[in-house]
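Architecture and fold: a report
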Amino acid sequence: MSIVYNQEAKLFVLSTKNSEYQMKVDEIGILQHLYYGAPVGGMDMSYRLWHMDRGFSGNPYEYQDDRGKSLDTLPQEFTGANVGDLRISSLSVRAANGSRSCDLRYKSHEILPGKYELEGLPYVRGNNGTLAVEEDAQSLIITLEDTILGLEVKLLYGVFEKKDVITRAMIMTNRGKEYIRINKLSSVCIDFPYGRYDLIHFHGRHCMERQMERVPVNHDIISIQSKRGMSSHHHNPFVILCDEDTNQTQGNSWGFMMMYSGNHKTEVEKDFTDSTRLVMGLQNTNFAWRLEAGDSLTAPEVIMTYAAEGLNQLSRNYHHIIRENVVDAKYYNLERPVLINNWEATYFDFNTEKILDIADQAKDIGIDMLVLDDGWFGKRNNDHTSLGDWFVNEEKLPGGLKKLADGVRERGMKFGLWFEPEMISEDSDLFRAHPDWAMTDPERKPMISRSQMVLDMSRKDVQDYLFERMSEIIRDADIYYVKWDFNRSVANFYSRELPTDRQGEVAHRFILGTYALLDRLLKEFPNLMIEGCAGGGGRFDAGMLFYCPQIWTSDDTDPIARLRIQEGTSYGYPVSTMGSHVSASPNHQTGRQTSLKTRGIAAMSGTFGYELDLTKISEEEKELMKQQIKDFRKYYWLIQHGEYYRLTDERDQNYFTAWEFSGADASEALVNIVITDSHANPELPWVKLHGLDPEGWYMIEGGDRRYKGAALMNGGFVFGQLIENMMKEPDNYPSAQYHFVKVG
Ligand code: DGJ
């Protein structure tokens, strides 16, 4: 049993293979958080709570003179508000009478087989018979209540024992007679009463997403957030807390990943007792939800994992749960198509003939799918116009999309198509017909970005329009794959359909509307594959991955920049979710020149494809591309399902980046290296491999030396040959890929 309740001690113990999580109901009904970390055998961890009078930390009335017991110092599972805990809170409320207090006490709980699901929001899927890898999850639902306010708070826990994952979500219900205003909504609150921690988070910008940053948790509040209406390029809704000395292979770490694609916020506070609290939920600057009597509101799910053996292990825990329980199970064993996308080949300047010329080349090279990007609809010959007018531009594509798609299919390839559903151009028939569908503030000029505005996705009529237009096109042209883009931050959150005092709900309703549309389309077209995208990786989150098995990782296709982007992304997300393409050199974003070989190696750690004008490549390049695709197919399952290890750490300031995929049965491993800086007479690149059989013997395919697994893992591997070759075959950024195969 992974969830046990000890009635006498009022203790909840949630166990996974390598972690334990504890909570306890105290004598006045406060749900205390006791522990999250390596297994402690169910020992009641409340012995660690020392009830000292700290001064200026008041006591709940029931404790009277027991001055050591204060909400301000007790570790709590989910806080109320304005009742004595002066640290960051899980909630902020306002009752109809103006009171801002909420005092949550334990009411009841239930332990259920299987994994709970959420309505209208993405969630980690349980063992429902369609799963790629079977896992009997269990759920715990603890109900807290504030009887004066009439607020019921259900804390939901899903325990995936084999995967070392615990999920959390929260559903609140107004059981009173009057409305309650919710000003802050969180999914997780967790206290670490002892220890010194670093916070790892993933910041960035357009074309440079998910840059890993590690900061010490000091006596202040760190806040990682997005107010952009999207999870954003700027701050991913994923953070790691770790011990100060944790590195890739050693030490404790705890991950918190929100399955949400909109405004999010994670706060981390080290308080005056040196206790560390993390709260994760919706960004609340402009958030205010009117919760009517009888209504419920759900806080999105957070995926938590604990790893004792360094950050690589923490990442692998996430890779498994995302591949196996977040992404739709049908993609687990399905080989994703190697694609050619025309964006960097043509931008808006294409016609049927040009696309079919590219398709001819793609077919020759062995590519599986052609994706027609932006510019096929309305009068879209530049980015100033036509978003929302989802009607094919027959001037560019005479005979329509069907004719083009059939042409591509005749060449033996699948056909994919770009949409940017949630956007509207000022210069569009849609805006002229429905100006009120754009999310703009009445009486103000809208904030324009890339010459576009954002549709009010909270409206059912907007969702219906998009569903109809997209369905018609997908059906008529028999579209296999949709690239779902989103190219600006949202501002002017305002819905003309909602009353004045509900405008604080728009940002969250916007995302719920997007999820509803995705869900509806996938029900209508169960075989449709959707690739998420938001100006590259601006919405790379576990929420989108519930609907889209892969997401375009970044608009920066420079392989050297990509190494850092993909490495940052790899902390939380598996390579099977990362769209990654070989593009032209010099690169369109950085101007950097790189070899086709290096571009191929970087892009292969993803879902692989090409994004350049294939009609302009040399015969030699064409041959190399054919080989790259053969290699990718050969290593496909090793890359997509293998155990992923970062072999280098940014903090070591190496002049190379290396990473490895090892087969689950230790029968093979693929080791990749790219030299990112030129040094004369350099120190030799050296890494320790992982995931091999220590007793087994391995050979590099095409080589003649045998290596013992234990030697490669403990003594390491030296990329000496690569350094020697560098002088013979000059390359700005030399790279290599070694396939180790077990031979005995
Ligand atoms: C941003 C995407 O990330 C690009 O790949 C491309 O689809 C453009 N939008 C098209 O406008």
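Scroll up to find the structure.
The following refers to the structure shown.

Calculation rules
Residues numbered from 1 in each chain as written. Predicted model: local features only at pLDDT ≥ 70, side-chain atom pairs only at ≥ 80, totals over all residues. Heavy atoms only, no water. Near = heavy atom within 4 Å. Polar contact = N/O pair within 3.5 Å; in protein donor to acceptor, adjacent residues only side chain to side chain. Areas by Shrake-Rupley, 256 points an atom, 1.4 Å probe, with all protein chains shown as cover. Nonpolar A, V, L, I, M, F, W, Y, C, P; charged D, E, K, R; others polar. Helix = DSSP H or I, 4+ residues; strand = E, 2+ residues; numbered from the N terminus. Buried < 20%, exposed > 50% of the residue type's maximum accessible area, 1.4 Å probe, protein only. Pairing = 2+ DSSP bridges. Core = buried A, V, L, I, M, F, W, Y, C linked by side-chain atoms within 4.5 Å. Contact = heavy atoms within 4.5 Å. Axes fitted to C-alpha atoms, helices over the stretch in contact; angles between N-to-C directions. Salt bridge = Lys/Arg side-chain N within 4 Å of Asp/Glu carboxyl O. Expected span 1.5 Å × (residues − 1). Arc of directions from axis to C-beta. Left-handed = near helix turned anticlockwise from the far one by under 90°. Disulfide = S-S within 2.5 Å. Phe/Tyr/Trp six-rings, centres within 6.5 Å; stacked < 30°, edge-to-face > 60°.

So, about the site of the ligand. As a structural note, the neighbourhood of the ligand is formed by 13 residues, with Asp373, Asp374, Lys483, Asp485 and Asp555 the closest of them. A distance of 3.1 Å is found between an oxygen atom of the ligand and a side-chain nitrogen or oxygen belonging to Trp418. Contact distances for the ligand include 3.4 Å between an oxygen atom and a side-chain N or O atom of Trp552. When the free accessible area of the ligand is taken as 290 Å², the share hidden by the protein chains comes to 98%. Split by residue class, the shell around the ligand holds four nonpolar, three polar and six charged.

Right, let's get into the side chain of Asn325. Of note, Asn325 is situated in helix 1 (residues 310-326). Taking relative accessible area as the criterion, Asn325 reaches 0% and is therefore assigned buried. Within the local environment of Asn325, its side chain forms a polar contact with the side chain of Lys163, the two groups lying 3.0 Å apart.

Quick look at the pairing of strand 35 (residues 697-700) now. Alternating residues of strand 35 divide into Tyr698 and Ile700, all buried, and Trp697 and Met699, none buried. With three bridges joining them, strand 35 and strand 36 (residues 706-708) adopt antiparallel strand pairing. In the sheet register, Tyr698 faces strand 36, and the bridge partner there is Tyr707. Connecting strand 35 to the antiparallel partner strand 36 that follows it, the hairpin turn spans five residues, and Gly702 within it adopts a positive phi of roughly 90°. Pairing between strand 35 and strand 38 (residues 735-742): three bridges, direction antiparallel.

Phe256 and Trp376 are the most contacted members of the largest nonpolar core, which totals 194 residues. If you tally residues by element for this core, the top one is helix 7 (residues 506-524), at eight residues. In contact with Phe256, not counting residues within four places along its chain, are Val188, Ile190, Phe192, Pro237, Phe238, Val239, Leu278, Met280, Val302, Ile303, Met304 and Tyr318. With 26 residues, the next largest nonpolar core counts Tyr655, Phe656, Ala666 and Phe717 among its residues.

Spatially, the nine strands line up as an open sheet ordered 6-7-8-9-19-15-14-11-12, and their pairing is antiparallel. The sheet is open, and its two borders are formed by strand 6 (105-113) and strand 12 (208-216), each paired with just one other strand. Across the sheet, the mean angle from the axis of one strand to that of its neighbour is 20°, orientation sign disregarded. Pairing of strand 7 (residues 138-146) with strand 8 (residues 151-160), which is carried by nine bridges, proceeds in the antiparallel orientation. Bridge pairing in strand 8 places Leu140 opposite Tyr157. Helix 1 contacts strand 8, strand 9 (165-174), strand 11 (197-205), strand 12, strand 14 (235-243), strand 15 (253-258) and strand 19 (296-307) of the sheet and is inclined by roughly 135° relative to strand 19.

The next thing to look at is the pattern of salt bridges. If the charged atoms of two oppositely charged side chains come close together, the side chains can form a pair. Taken as a whole and assessed by the stated rule, the structure comprises 52 salt bridges. For the salt bridge of Lys69 with Glu27, the shortest nitrogen-to-oxygen distance reads 2.4 Å. Taken together, the positions of Lys69 in the loop between strand 4 (31-37) and strand 5 (91-95) and Glu27 in the loop between strand 3 (19-25) and strand 4 put the pair 42 residues apart, joining distant regions of the chain. In this structure, the salt-bridge partner of Arg168 is Glu77, at a minimum N-O distance of 3.0 Å. With a gap of 91 residues between them, Arg168 in strand 9 and Glu77 in the loop between strand 4 and strand 5 connect regions that are remote in the sequence. Among the charged side chains, a network of salt bridges with common partners joins Arg290, Glu292, Asp501, Arg502, Glu505 and Arg509.

A word on helix 11 (residues 619-634). Here helix 11 spans 23 Å end to end across 16 residues, near enough to the 22 Å set by a 1.5 Å rise per residue. When helix 11 is considered as a whole, its buried residues turn out to be Lys622, Met625, Gln628, Ile629 and Phe632. For helix 11, the angular spread of the buried residues around the axis is 115°, confining them to a single face. Among the exposed residues of helix 11, those oriented more than 90 degrees off its buried face are Glu619, Glu620 and Lys630. Among the structural elements, helix 3 (352-365), strand 29 (581-583), helix 10 (596-604), strand 30 (609-611) and helix 12 (636-641) are those in contact with the buried residues of helix 11.

One open sheet holds the nine strands; their spatial order is 28-27-26-25-22-21-20-30-29, and the pairing between them is parallel. Of all strands in the sheet, those with a lone pairing partner are strand 28 (578-579) and strand 29, marking the two edges. The sheet strands contacting helix 7 are strand 25 (481-484) and strand 26 (529-532), and the helix crosses strand 25 at an angle near 175°.

Of all six residues in strand 15, six are buried; the element is thus mostly enclosed. Neither face of strand 15 is left uncovered, since the one carrying Ser253, Gly255 and Met257 and the one carrying Trp254, Phe256 and Met258 both have all their residues buried. Direction of pairing for strand 15 relative to strand 19: antiparallel, over a ladder of six bridges. Bridge assignment links Gly255 to a residue of strand 19, and that residue is Thr305.

We now examine the side chain of Asp649. Of note, Asp649 is situated in the loop between strand 31 (643-646) and strand 32 (656-662). In this structure the side chain of Asp649 is engaged in a polar contact, spanning 3.4 Å, whose partner is the side chain of Gln248. When sequence neighbours within four positions are dropped, the list of residues in contact with Asp649 reads Gln248 and Asn654.

What follows deals with the packing of helix 6 (residues 460-476) against helix 7. Across the interface, helix 6 lies against helix 7 with an axial gap of 10 Å and an inter-helix angle of 30°. Where helix 6 crosses over helix 7, the handedness of that crossing is right-handed. When helix 6 is examined against helix 7, the residues Lys460, Gln463, Asp464, Leu466, Phe467, Met470, Ser471, Ile474 and Arg475 are found in contact with a partner set consisting of Gly513, Ala516, Leu517, Arg520, Leu521 and Glu524. The class makeup of the residues in the contact of helix 6 with helix 7 is seven nonpolar, three polar and five charged.

Attention shifts here to the state of the cysteines. The final tally for this structure, using the stated rule, is zero disulfides. Sulfur of Cys102: no disulfide; nearest cysteine sulfur belongs to Cys189 and is 13 Å away. For Cys102, a relative accessible area of 0% translates into the label buried. On the accessibility criterion, Cys189 (0% relative accessible area) is buried.

Enumeration according to the criterion identifies 41 aromatic pairs in this entry. Plain terms: the ring middles of Phe608 and Tyr610 are 5.3 Å apart, the flat faces sit at 70° to each other, and that makes the pair edge-to-face. Residue classification places Phe608 among the buried residues on the basis of a relative accessible area of 1%. According to the relative accessible area criterion, Tyr610 is buried, its value standing at 0%. Each residue in the set Tyr21, Tyr36, Tyr157, Phe192, Tyr197, Trp254 and Tyr306 is aromatic and connected to the rest through ring pairs, giving one cluster.

Inspection of the secondary structure assignment puts Pro300 in strand 19. For Pro300, a relative accessible area of 1% corresponds to the buried category. Aside from chain neighbours lying at most four places away, what touches Pro300 is Leu121, Arg168, Ala169, Ser187, Met258, Met259, Tyr260 and Leu282.

This part is about unusual backbone geometry. The omega angle of the peptide bond from Ser585 to Pro586 is 0°, so this bond is cis rather than trans. Position of Pro586 among the secondary structure elements: in the loop between strand 29 and helix 10. Unusually for a residue other than glycine, Gln64 sits at a positive phi of about 45°. Relative to the elements of secondary structure, Gln64 occurs in the loop between strand 4 and strand 5.

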